[in-house]
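Chains, contacts and geometry: an overview
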Number of protein chains: 2
Amino acid sequence: MDSITSYIETNKERFLNELIDLLKIPSISADSAYKNDVKTTAEAVKTQLELAGCDVVEIHPTKGHPVVYGEKIIDKNLPTVLVYGHYDVQPPDPMDLWDSEPFNPIIKPTDRHPEGAIFARGACDDKGQMYMHVKALEYMVKEQKLPCNVKFMIEGEEEVGSEHLADFIKANRDKLQNDVILISDTGMIAKDVPSITTGLRGLSYVEVEVTGPNRDLHSGLYGGAVANPINILSKMIASLHDENNHITIPGFYDKVEELSNEERAKMAEAPFSLDKYKASIDIDAVYGEEGFSTNERNSIRPTLDVNGIWGGYIGEGAKTVLPSKAFAKISMRLVPNQDWQEITQLFKTHFENIAPKGVRVKVNPHHGGQGYVTPIDSKGYQAASKAYEKTFGKTPIPQRSGGSIPIVSLFEQELKSKTILMGFGLDSDAIHSPNEHFGVWNYLKGIETIPWFYKYFTELNN
Amino acid sequence: MDSITSYIETNKERFLNELIDLLKIPSISADSAYKNDVKTTAEAVKTQLELAGCDVVEIHPTKGHPVVYGEKIIDKNLPTVLVYGHYDVQPPDPMDLWDSEPFNPIIKPTDRHPEGAIFARGACDDKGQMYMHVKALEYMVKEQKLPCNVKFMIEGEEEVGSEHLADFIKANRDKLQNDVILISDTGMIAKDVPSITTGLRGLSYVEVEVTGPNRDLHSGLYGGAVANPINILSKMIASLHDENNHITIPGFYDKVEELSNEERAKMAEAPFSLDKYKASIDIDAVYGEEGFSTNERNSIRPTLDVNGIWGGYIGEGAKTVLPSKAFAKISMRLVPNQDWQEITQLFKTHFENIAPKGVRVKVNPHHGGQGYVTPIDSKGYQAASKAYEKTFGKTPIPQRSGGSIPIVSLFEQELKSKTILMGFGLDSDAIHSPNEHFGVWNYLKGIETIPWFYKYFTELNN
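Residues numbered from 1 in each chain as written. Chains lettered and ligands numbered in written order. Predicted model: local features only at pLDDT ≥ 70, side-chain atom pairs only at ≥ 80, totals over all residues. Heavy atoms only, no water.

**Regarding the overall build of chain A**
Note the following rule: Labels follow the DSSP assignment, with helices taken as runs of H or I lasting at least four residues and strands as runs of E lasting at least two, numbered in each case from the N terminus. Exposure classes here rest on a 1.4 Å probe applied to the protein chains alone. A residue is buried below 20% of its type maximum, exposed above 50%, and partly exposed in between. Residue contacts follow a heavy-atom distance rule, with two residues in contact if any of their heavy atoms lie within 4.5 Å. Surface accessibility follows the Shrake-Rupley procedure with a 1.4 Å probe radius. Residue values consider only the protein chains on display as shielding. Lys and Arg are tallied as positive, Asp and Glu as negative. Neither His nor the chain termini are counted. Charge positions come from single atoms, namely NZ of Lys, CZ of Arg, CG of Asp or CD of Glu.
Secondary structure summary: chain A contains 12 helices and 18 strands in total. Across its three principal directions, the C-alpha atoms of chain A cover 80 × 50 × 45 Å. By residue count, 64% of the 462 residues in chain A fall in the buried class. Expressed as a percentage of contacts within chain A between residues at least 6 apart in sequence, the contacts between residues at least 24 apart total 78%. Carbon and sulfur atoms provide 49% of the accessible area of chain A, an area that totals close to 16,600 Å². Computed over 48 positive and 65 negative side-chain charges, the inter-centroid distance for chain A is 3 Å.

**Considerations on the domain arrangement of chain A**
Residues and elements named next belong to chain A. Stated precisely, the cut-off is as follows: Delimitation of the domains relies on an automatic or database domain assignment. The term buried area denotes the loss of accessible surface (1.4 Å probe radius) that occurs when two parts are joined, taken as the sum for both partners. Take a side-chain nitrogen of Lys or Arg and a carboxyl oxygen of Asp or Glu: if they are within 4 Å of each other, that pair is a salt bridge. Polar contact criterion, stated in full: a pair of N or O atoms within 3.5 Å, where within protein one must be able to donate a hydrogen and the other to accept it, and residues adjacent in sequence count only if both atoms are side-chain atoms.
Taken as a whole, chain A is organised into domain 1 (4-200 + 371-460) and domain 2 (202-256 + 302-369). A straight line from the C-alpha centre of domain 1 to that of domain 2 covers 35 Å. The partner domain 2 presents seven residues to the 11 residues of domain 1 that form the contact. Overall, the association of domain 1 and domain 2 removes approximately 690 Å² of surface from exposure, summing both partners, and the carbon and sulfur fraction of that is 56%. For the domain 1 face of the interface with domain 2, the top three residues by lost area are Gly 371, Ser 404 and Pro 406, together amounting to 53%. Between the two partners, domain 1 and domain 2, sit zero salt bridges. The interface formed by domain 1 and domain 2 contains two residue pairs in polar contact (both at pLDDT 80 or more).

**Overview of helix α1 (residues 4-23) of chain B**
Residue and element names in this part refer to chain B. Just so we agree on the cut-off: One less than the residue count of a helix, multiplied by 1.5 Å, gives the span that helix is expected to have. The seven residues ending at a residue and the seven starting there each receive a fitted axis; the angle between those axes is the bend at that residue.
Here α1 contains 20 residues, and its C-alpha end-to-end distance of 24 Å is more than 12% below the 28 Å for a straight helix at 1.5 Å per residue. The largest bend in α1 is about 65°, located at Asn 11. By the burial criterion, the buried members of α1 are Ile 4, Tyr 7, Ile 8, Asn 11, Phe 15, Leu 16, Glu 18, Leu 19, Ile 20, Leu 22 and Leu 23. Buried residues along α1 sit in contact with α2 (35-52), β4 (106-108), β5 (117-119), α3 (127-142) and α12 (440-460).

**Description of the sheet that holds strand β11 (residues 303-312) of chain B**
What counts is decided by this rule: Any two strands between which DSSP finds at least two bridges are classified as paired. In this description, a line fitted to the C-alpha atoms serves as the axis of each element, helices being fitted only across the stretch in contact, and the angle between N-to-C directions of two axes falls anywhere from 0 to 180 degrees.
Pairing within the open sheet is antiparallel, and its eight strands lie in the order β14(A)-β9(A)-β13(A)-β11(A)-β11(B)-β13(B)-β9(B)-β14(B). Sheet topology places β14 (360-369) of chain A together with β14 (360-369) of chain B at the edges, where each strand pairs with a single neighbour. For this sheet, the mean angle separating the axes of adjacent strands, direction not counted, is 20°. Lying over the sheet, helix α9 (residues 340-353) of chain A contacts β9 (202-211), β11 (303-312), β13 (325-334) and β14 of chain A, oriented at roughly 170° with respect to β14(A).

**Brief notes about the relation of the copies chain B and chain A**
Our working definition: Here the copies are matched by least squares. The fit uses the C-alpha atoms of residues with pLDDT of at least 70 in both.
For these two chains of identical sequence, chain B goes onto chain A by a turn of 180° and a shift of 0.0 Å along the axis, with RMSD 0.1 Å. The symmetry that links the two subunits is that of a two-fold axis. Counting the interface residues of chain B, we find that 100% of their copies in chain A are interface residues as well, pointing to one common contact surface.

**Structural notes on the side chain of A:Lys127**
Residue and element names in this part refer to chain A. Structurally, Lys 127 can be placed in helix α3 (residues 127-142). Reaching out from Lys 127, the side chain makes a polar contact with the backbone oxygen of Leu 22 at a distance of 3.1 Å. Not counting residues within four places of it along the chain, the set of residues in contact with Lys 127 comprises Leu 19, Leu 22, Leu 23, Ile 25, Ser 27, Thr 41, His 86, Tyr 87, Val 89 and Gly 122.

**Here we look at the interface of chain B and chain A**
Put simply, the rule reads: Throughout, the ten residues Ala, Val, Leu, Ile, Met, Phe, Trp, Tyr, Cys and Pro are labelled nonpolar, Asp, Glu, Lys and Arg are labelled charged, and all others, Gly among them, are labelled polar.
Counting from both sides, the interface comprises 93 residues of chain B and, opposite them, 93 residues of chain A. Taking both partners together, chain B and chain A bury about 7,800 Å²; carbon and sulfur atoms supply 52% of that area. Linking chain B with chain A are two salt bridges. The salt bridge partner of A:Asp282 is B:Arg360, with a shortest N-O separation of 3.9 Å. Where chain B packs against chain A, one counts 52 residue pairs in polar contact (both at pLDDT 80 or more). Residue composition of the side of chain B that touches chain A, grouped by class: 37 nonpolar, 34 polar and 22 charged. Relative to β11(B), β11(A) runs antiparallel, the two sharing five bridges.

**Side note on the pairing of strand β13 (residues 325-334) of chain B**
Side-chain direction in a regular strand flips from residue to residue, so the side chains alternate between the two faces of the sheet. All names here are of chain B. Counting buried positions over the 10 residues of β13 gives nine, a clear majority of the element. With 10 bridges connecting them, strand β9 (residues 202-211) and β13 associate as antiparallel partners. Its bridge partner lying in β13, Glu 207 is registered against Lys 329. Pairing between β11 and β13: eight bridges, direction antiparallel. Bridging from a neighbouring strand, Thr 303 pairs with Arg 333 of β13.

**Observations regarding the pattern of salt bridges**
Residue and element names in this part refer to chain A. According to the stated counting rule, one finds 52 salt bridges over all chains in the structure shown. Arg 14 is paired through a salt bridge with Glu 138; the nearest N and O atoms lie 2.6 Å apart. Linking Arg 14 in helix α1 (residues 4-23) with Glu 138 in helix α3, this pair joins segments that are 124 residues apart in sequence. Overall, Arg 14 belongs to the partly exposed group, its relative accessible area being 31%. Using a relative accessible area of 3% as the deciding quantity, one classes Glu 138 as buried.

**With respect to the packing of aromatic side chains**
Residues and elements named next belong to chain A. Going by this rule: Stacked, tilted and edge-to-face pairs are distinguished by plane angle, under 30 degrees for stacked and over 60 for edge-to-face with tilted covering the rest, among Phe, Tyr and Trp rings (Trp via its six-membered ring) whose centres lie within 6.5 Å.
Enumeration over the complete set of coordinates arrives at 32 aromatic pairs over all chains. Summarising the aromatic geometry, the rings of Tyr 7 and Phe 15 are spaced 6.2 Å apart at their centres and angled 40° between planes, so their arrangement reads as tilted. Overall, Phe 15 belongs to the buried group, its relative accessible area being 0%. Grouped by ring-pair contacts, the aromatic residues Tyr 388, Phe 392, Phe 424 and Trp 441 constitute a single cluster.

**Brief notes about the pairing of β9(B)**
Residues and elements named next belong to chain B. In terms of burial, β9 is largely enclosed, as nine of its 10 residues are buried. One ladder, built from nine bridges, connects β9 with β14; its direction is antiparallel. Its bridge partner lying in β14, Val 206 is registered against Pro 365.

**Overview of the UniProt feature "domain: Peptidase M20 dimerisation" (unreviewed entry) in chain A**
Filter applied, for reference: UniProt positions are given in the numbering used here, feature names are shortened, and annotations may be inferred rather than shown by experiment.
UniProt's feature table lists "domain: Peptidase M20 dimerisation" (unreviewed entry) at residues 199-358 of chain A, given in the numbering used throughout. Across residues 199-358 of chain A, the secondary structure splits into 27% helix and 22% strand, with the terminal C-alpha atoms separated by 43 Å.

**Describing the sheet that holds strand β18 (residues 437-439) of chain A**
Picture the strands of a sheet paired through backbone hydrogen bonds; they go either parallel or antiparallel. All names here are of chain A. Taken in spatial order, the three strands line up as β4-β5-β18 in an open sheet, and their pairing is antiparallel. Two strands in the sheet have a free side with no partner beyond their single neighbour: β4 (106-108) and β18. Looking at each pair of strands side by side, their axes are set apart by 25° on average, direction ignored. With three bridges connecting them, β4 and strand β5 (residues 117-119) associate as antiparallel partners. Its bridge partner lying in β5, Lys 108 is registered against Ala 117. Sheet strands in contact with helix α12 (residues 440-460) are β4, β5 and β18, and its direction is about 60° off that of β18.

**Some thoughts on the environment of B:Ala318**
Tracing the backbone through its elements, the reader meets B:Ala318 in the loop between β11 and β12 (321-322). For B:Ala318, the residues in contact, after removing those within four places along its chain, are A:Ala30, A:Glu159, A:Tyr205, A:His366, A:His367 and B:Tyr313.

**Some remarks on the packing of α1(A) against α12(A)**
For any two helices packed against each other, the geometry comes down to the angle between their axes and how far apart the axes lie. Residues and elements named next belong to chain A. Note the threshold: Roughly parallel means an angle under 35 degrees; roughly antiparallel, over 145; roughly perpendicular, 65 to 115; everything else is oblique. Crossing handedness: left-handed means the near helix sits turned counterclockwise from the far one by under a right angle, and right-handed means the same turn made clockwise.
Running from N to C, α1 and α12 cross one another at 130°; their axes reach a closest spacing of 10 Å. The angle between the axes of α1 and α12 places the two elements in the oblique class. The way α1 lies across α12 gives a crossing that is right-handed. When α1 is examined against α12, the residues Ile 4, Thr 5, Ile 8, Lys 12, Phe 15, Leu 16 and Leu 19 are found in contact with a partner set consisting of Val 440, Tyr 443, Leu 444, Ile 447, Glu 448, Pro 451 and Trp 452. Tallied by class, the residues present in the contact of α1 with α12 amount to 11 nonpolar, one polar and two charged.

**Some details on helix α11 (residues 407-415) of chain A**
For α11(A), the buried fraction is high: seven of the nine residues fall into the buried class. Among all positions of α11(A), only A:Ile407, A:Val408, A:Ser409, A:Leu410, A:Phe411, A:Glu414 and A:Leu415 are buried.

**Observations regarding the side chain of A:Ser195**
Residue and element names in this part refer to chain A. The topology assignment puts Ser 195 in strand β8 (residues 195-200). When its relative accessible area of 0% is taken as the criterion, Ser 195 is described as buried. One polar contact links the side chain of Ser 195 to the main-chain amide nitrogen of Ile 189, over a distance of 3.0 Å. Once residues within four sequence positions are removed from consideration, Ser 195 is found in contact with Gly 187, Met 188, Ile 189, Tyr 388, Pro 396, Ile 397, Gln 399 and Gly 423.

Structure (structure tokens):
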């Protein structure tokens, strides 16, 4: 695999331009207005998988957005790597906070990326990281170095909870058979501190609706005498955390995995500067659950965040209205052993119970997924660790991520194989935020590292 | 004045059509996109005042929307009535709750208005009620029955706090000299229960902004470790009321006028059905300050309502974002003796004080006005009372309103005259709500009653 570095050197302009073309398509899965763009993106991914050397590439329609499947089988007796990624992206808003157009990618240097970073929605999450695997395959095929079989499953609904992927997987268990699942949809600690994500948080996402009077009312004539849905919703949301920022939903913590002091001590060894952390997002203090560090709060502890709230008059100027309805989108990040459907039900029951007289409350479960932990003694982890050692010259640190890839636990359940999370992004890449970007160095480093994983994984399976 | 009934009978079609033309112009003062429509409405009012018989009609530009001034002076030694009204309207949204177009008026019957009601934004508040005075003048001039002098001051910023009217009044004190100010911008208890509004609540309207991190963050990677502005804003709003729904802002109640048990007992005599009230807005229970009745809560007690709230992702589907900012529009209804500027300052100080570390809070005062109480032994009140007796056959009930006409207390201060609030609307007219309407019967009854006020007020001043 040593020729990978020269191959990248020769082709990097093309690697960047192909990714930029992919990033130009606004594949926003959450917004039905972009349904056709999502489809166009799936077709672009299919084309690139064919060009990279897959023998079979298929677009599988689902009840939602399509799944792109590709494969290159060289010998049924060799191990098979299943690459999972997604070609859909988060909505770009708030638009006014972008310094450049979210779907008109530009490359410019940043403090962390002096060699330049690609700025676009999806640059890191996940088009850029997914495409590293396509280019790694291209190298191994063109240079006859592919040591095992490879399959690709690239979906278009990850940002909306992979609603229909389970159906696809259950319907295609044999086709998807593999020895390890490889995903690049996470980050690493720093460019000089490689890490492999060994844990993910689960997710429960709900939308709530509080209804008071049957129509908007004049806040002068009715104010003070009728429950105001916004005041009530605020009260209800506020009550979901106690004064120590523990979540108050009965039973919420029952199954939460408690880490040993030894494990927590090991976590605390990961390089981290609270001052740099606060400075990077311009806050004067962190905020969270009593008794846990920042890195614990955003990885091994469950959370409850309001992701959106709206109600009443939100236009220019003033309107003295007592609104009929108020709404909120609320998501809970869950840790291993918490079942997302059980937590969703606990939330629903509790939220309906705390509604005062005078309002009606609806809780609409949106989507969710289980948390995940991968063992570090597996062949997959060992192969990945060796690959990083080869290209970074350092042993990667196993790291719990606060993010969720709801589908990972389903893979294990349905396909009986472990997932390895080789992420090359940085926390500062602003995924899900305005000005999302992906370092050119990181992109190329990913393409360089992935073939070594194939090599070592195949060797470990001999 | 007895010929007024036949005059109305002869001209009522025209009276309705002229009002409908006025209602077609979307004079939304809160939204700068409608600036020209507001101007067009001012010109239409000017034309109608000229046609009705004013000798002088002027449009006075302000830093905001213009004021229309008109007068008919018949004898400097006779008393002068100053009519105040407004030609601007509330924003119509939420549009999807309107059964007909807000600016395409239609007349249809309702349970309370079997003779039909005009459905349009501004039908009751205040184009319809203001226009009653124009038509009453037309009658008195055409039939040579005008017993005194009359002046009109019709503004275009009432729905946004009459921001620039004070400047106009201070600059035109002599021009506006009068013996009584007459306003129809309130309601009466029922068609068979005439009432005169003797009190109005004051108002303080603010907009708050809570800022956490300097950009939207991924709720998985940062959730639980960083203050979420929506969670925080909800907590802060919730804390503004205690468990008895008393407002918790220090000093908020210091100057609140406490009514005697006798006064409260008198108020309680006004016909009121809690069941009908709840049924009319489809709620299973009322909600408000411990220790006060519904009619007290919405008239003699101060309140705090969130009129609008927004933050994070409010589009279709799901976005797992920890937003940078959250916003709310909050208004407080105040009672006589509470100073709106002092209350605004108390709110600002308190709200900034309760902000936790990790967020920054901005409070932007929007507008406000003082509460008002008018004595029932004044000549103005007596004349109004006799006018209702004449046309309704019943003595009107003095009634406190929960609404605000911020400018009324300024009139007394600057022009040294009392205001009489002769309102002909009903609580069910849905002002500030979708499907605002004004009963045809109420509209014509107003036109019929107003001339009698002029007659009795002139007689009482002889």
